[in-house]
Amino acid sequence: MKIVDAKVVVTSPGRNFVTLKLTTDEGLTGLGDATLNGRELAVVSYLADHVVPLLIGLDPHRVEDTWQSLYRGAYWRRGPVTMAAIAAVDVALWDIKAKAAGLPLYQLLGGASRERVGTYGHAGGRDIPELLDSVRARLAEGYPAVRVQSGIPGLKAVYGVVDTDDTGAPVLHQQARPLVEDWDTAAYLRHVPAVFEAVRAEFGAELPLLHDVHHRLTPIQAARLGKDLEPYRPFWLEDCTPAENQEALRLVRRSTTTPLAVGEVFNTVYDYQALITEQLIDYVRSAVTHFGGVTPLRKLFDFAAQYQIRSAIHGPEDISPVGMAAAVHLDLAVHNFGIQEYSGHTPLTEAVFRHAYTFTDGHLHPGETPGIGVELDEELAAAHPYEAAYLPVNRLHDGTVHDW
Ligand code: GCO
Ligand code: MG
């Protein structure tokens, strides 16, 4: 079998998604997600200008060799653009291989290790009563675990909370110019324990509660927050410090028993080396889409398993259904699965990417369709072309840029 066509499809059914579609001489097709939120076209160029010409004529069964040649052959290794591009190729090749075998991808990864995949959903509110309503809504949808994010008194726009304009209409976090959010660490550190107290008081001790700090604290501030949240037994504290400094987690780890989750902006195992071998974290959070695909993420999970660290694949709306499908196959197969983030997609996105995976009673299943189980409606995709969109930036009260 040979690859005879490779094309990169960019579509915006509400938000931008980048998809690689490979076609073989036997008529099999494979899809891979290459969406890098806010920097989509850089990956499109990387793929179309530098990778597609190398793929034509290749045997699609050579998944490992193709991965190694794209990673090592470029010489310029790592980085989100490179690794999102390689991820798309890797997943598209796995899709073809599984279709050729007539099996859903999870069967090629060792088969099911569980019946279904547990998820967490996002709850957010501008204040505590609005957050409690949002938690109630997630529970009504069946989510077995909930991430809680709240507005902070004195701050107008904060990550994880739907903002509204003067008329009460929701303000999208993704805009043609970056939206400016504001930040005050002291106010945040004072407020979050009260948020957890209110949620526990309303929903009891058993509901798994997660919280995303989104890289905003110093190590000593993160240690303080971890300790302050201990009485409320969080499931995890996510990205408590800027992710690129692995050493920061040593101080946090020494100071608190609150479990730590890290990794959505990581793109290779090297970003995790100290964190895993020193057992500084409890969950690895990389997405198939940003980590170079199923091939390296499976290796990361096996490495993490030796240290009792679990998987928790990143699954926001900006991972396309193609990336989500690949994630759910891995989730079902790996032994050290922890939890899967799942926000779902808009009905229009689900029409562009028809998928076999299902979400029932808060649990995902990849389905039994051969391959990853996603079909791209190219006509509908073309009807919703790319739209420029940036993630927000974050500023302190005096105007200084802070981590978003
Ligand atoms: C999460 C993430 C996302 C990111 C987004 C950026 O935990 O789901 O933090 O919300 O902000 O993926 O593109
Ligand atoms: Mg996050």
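Residues numbered from 1 in each chain as written. Chains lettered and ligands numbered in written order. Predicted model: local features only at pLDDT ≥ 70, side-chain atom pairs only at ≥ 80, totals over all residues. Heavy atoms only, no water.

Before going further, it helps to examine the overall build of the protein. A count of helices and strands for the protein gives 13 helices and 20 strands. In terms of C-alpha radius of gyration, the protein reaches 21 Å, essentially the compact-globule figure of 22 Å for 404 residues. Counting every position in the protein, which comprises 404 residues, the buried fraction comes to 55%. Nonlocal contacts in the protein, meaning residues at least 24 apart in sequence, comprise 71% of its contacts between residues at least 6 apart. Accessible area of the protein: about 16300 Å², with a carbon and sulfur share of 53%. A gap of 5 Å separates the mean positions of the 34 positive and 51 negative side-chain charges of the protein. (Helix = DSSP H or I, 4+ residues; strand = E, 2+ residues; numbered from the N terminus. Rg over C-alpha atoms; globule rule 2.2 N^0.38 Å. Buried < 20%, exposed > 50% of the residue type's maximum accessible area, 1.4 Å probe, protein only. Contact = heavy atoms within 4.5 Å. Areas by Shrake-Rupley, 256 points an atom, 1.4 Å probe, with all protein chains shown as cover. Lys, Arg positive; Asp, Glu negative; His and termini not counted. Charge placed at Lys NZ, Arg CZ, Asp CG, Glu CD.)

Turning to the coordination of the magnesium ion (ligand 2), a few remarks are in order. Protein ligation of the magnesium ion (ligand 2) involves Asp-212 (OD), Glu-238 (OE) and Glu-264 (OE), the donor distances falling in the range 2.0 to 2.2 Å. Read N to C, the donor residues that coordinate the magnesium ion (ligand 2) are spaced as D-x25-E-x25-E. Placement of the pair is Asp-212 in strand S9 (residues 209-212) and Glu-238 in strand S10 (residues 236-238), with a sequence separation of 26 residues. For the pair Asp-212 and Glu-238, a shared accessibility class is recorded, and that class is buried. (Donors = N, O, S within 2.8 Å, 3.2 Å for Na, K, Ca; no water.)

The next point concerns the pattern of salt bridges. One pass over the structure, following the stated rule, counts 20 salt bridges. Residues Glu-378 and Lys-7 are paired through a salt bridge, measuring 2.7 Å at the closest nitrogen-oxygen approach. Taken together, the residues span a long stretch of sequence, with Glu-378 in helix H13 (residues 378-382) and Lys-7 in strand S1 (residues 3-11) at a distance of 371 residues. Given the relative accessible area of 25%, Glu-378 is considered partly exposed. (Salt bridge = Lys/Arg side-chain N within 4 Å of Asp/Glu carboxyl O.)

With that settled, the discussion passes to empty space enclosed by the protein. Summed over the entire model, instances satisfying the criterion amount to three cavities of 30 Å³ or more. Put simply, the largest cavity is a space of about 60 Å³. As for the largest cavity, its lining consists of Gln-149, Ser-150, Ile-152, Val-158, Tyr-159, Trp-183, Tyr-188, His-211, Asp-212, Val-213, His-214 and Arg-216. Among the secondary structure elements, those contributing two or more residues to the lining of the largest cavity are strand S5 (146-150) and S9. When its residues are assigned to classes, the lining of the largest cavity shows six nonpolar, four polar and two charged. Of the voids in this model, the second largest cavity is the one considered here, and its volume is about 40 Å³. Contributing to the lining of the second largest cavity are Val-148, Ser-150, Ile-152, Tyr-188, His-191, Val-192, Val-195, Phe-196 and His-211. Of all the secondary-structure elements, those providing two or more residues to the lining of the second largest cavity are S5 and helix H6 (185-203). (1 Å grid on protein atoms, 1.4 Å probe; cavity = no way out; pocket = protein on both sides within 12 Å on 5 of 7 lines; lining within 4 Å. Points joined across faces, edges and corners; volume = space filled by probe spheres on them. Nonpolar A, V, L, I, M, F, W, Y, C, P; charged D, E, K, R; others polar.)

Here helix H7 (residues 219-229) crosses helix H8 (residues 248-255) at 25 degrees, and the two axes come no closer than 8 Å. Viewed along their axes, H7 and H8 adopt a mutual orientation that is roughly parallel. For the element pair H7 and H8, the recorded crossing hand is right-handed. Residues Pro-219, Ile-220, Ala-222, Ala-223 and Lys-227 of H7 lie in contact with H8, whose contacting residues are Ala-248, Leu-251, Val-252 and Ser-255. (Axes fitted to C-alpha atoms, helices over the stretch in contact; angles between N-to-C directions. Parallel < 35°, antiparallel > 145°, perpendicular 65-115°, else oblique. Left-handed = near helix turned anticlockwise from the far one by under 90°.)

Moving on: the domain arrangement of the protein. Where the parts come together, the accessible area they lose is often given as the size of the interface. Per the domain assignment, the segments of the protein are domain 1 (3-103) and domain 2 (108-371). The distance between the C-alpha centroids of domain 1 and domain 2 comes to 26 Å. Listed per partner, the contact involves 34 residues of domain 1 and 32 residues of domain 2. Carbon and sulfur atoms supply 62% of the area buried between domain 1 and domain 2, which totals about 2600 Å² over both sides. Counting the surface domain 1 buries against domain 2, the share from its top three residues, Pro-13, Phe-17 and Asp-33, is 21%. For the pair domain 1 and domain 2, the number of links is two salt bridges. The interface formed by domain 1 and domain 2 includes 14 residue pairs in polar contact (both at pLDDT 80 or more). Among the elements of the structure, strand S2 (17-24), strand S3 (29-33), helix H2 (63-73) and helix H3 (80-101) are those that each provide at least two residues to the side of domain 1 that touches domain 2. Here the side of domain 1 that touches domain 2 gets 13 residues from one element, more than from any other, and that element is H3. (Domains from an automatic or database assignment. Buried area = accessible area lost by both parts, 1.4 Å probe. Polar contact = N/O pair within 3.5 Å; in protein donor to acceptor, adjacent residues only side chain to side chain.)

What follows deals with the sheet that holds strand S20 (residues 401-402). Spatially, three strands are ordered S8-S19-S20 in an open sheet, and the strand pairing comes out mixed. Either end of the sheet is taken by a strand with one partner, and the two such strands are strand S8 (180-182) and S20. Across two bridges, the pairing between strand S19 (residues 393-395) and S20 is antiparallel. Paired with Asn-394 across the bridge in S20 is His-402. (Pairing = 2+ DSSP bridges.)

Bringing the site of ligand 1 into the picture now. Near ligand 1 there are 15 residues, and of these Asn-37, Tyr-159, His-214, Glu-264 and Glu-341 occur at the shortest range. Between ligand 1 and Asn-37, the relevant distance is 2.8 Å, taken from an oxygen atom to a side-chain nitrogen or oxygen of the residue. Between ligand 1 and Arg-147, the relevant distance is 3.4 Å, taken from an oxygen atom to a side-chain nitrogen or oxygen of the residue. Summarising the interface, the protein chains cover 90% of the accessible area of ligand 1, which totals 340 Å² for the free molecule. Residue composition of the shell around ligand 1, by class: four nonpolar, four polar and seven charged. (Near = heavy atom within 4 Å.)

Here the focus is helix H1 (residues 40-55). Its maximal kink placed at Ala-48, H1 deviates by approximately 35 degrees. Those residues of H1 that are buried lie in contact with S1, S2, H2 and H3. A positive backbone phi angle near 95 degrees is found at Gly-57, which sits one or two residues after H1. (Bend = angle between axes of the 7 residues up to and from the residue.)

Below, the discussion takes up the packing of helix H5 (residues 128-140) against H6. In contact at an axis separation of 10 Å, H5 and H6 are set at 50 degrees when each is read in the N-to-C sense. Accordingly, the angle class assigned to the pair H5 and H6 is oblique. For the crossing formed where H5 meets H6, the hand is right-handed. Between H5 and H6, the contacting residues are Ile-128, Leu-131, Leu-132, Val-135, Arg-136 and Leu-139 on the first element and His-191, Ala-194, Val-195, Ala-198, Val-199, Glu-202 and Phe-203 on the second. Considered class by class, the residues forming the contact of H5 with H6 number 10 nonpolar, one polar and two charged.

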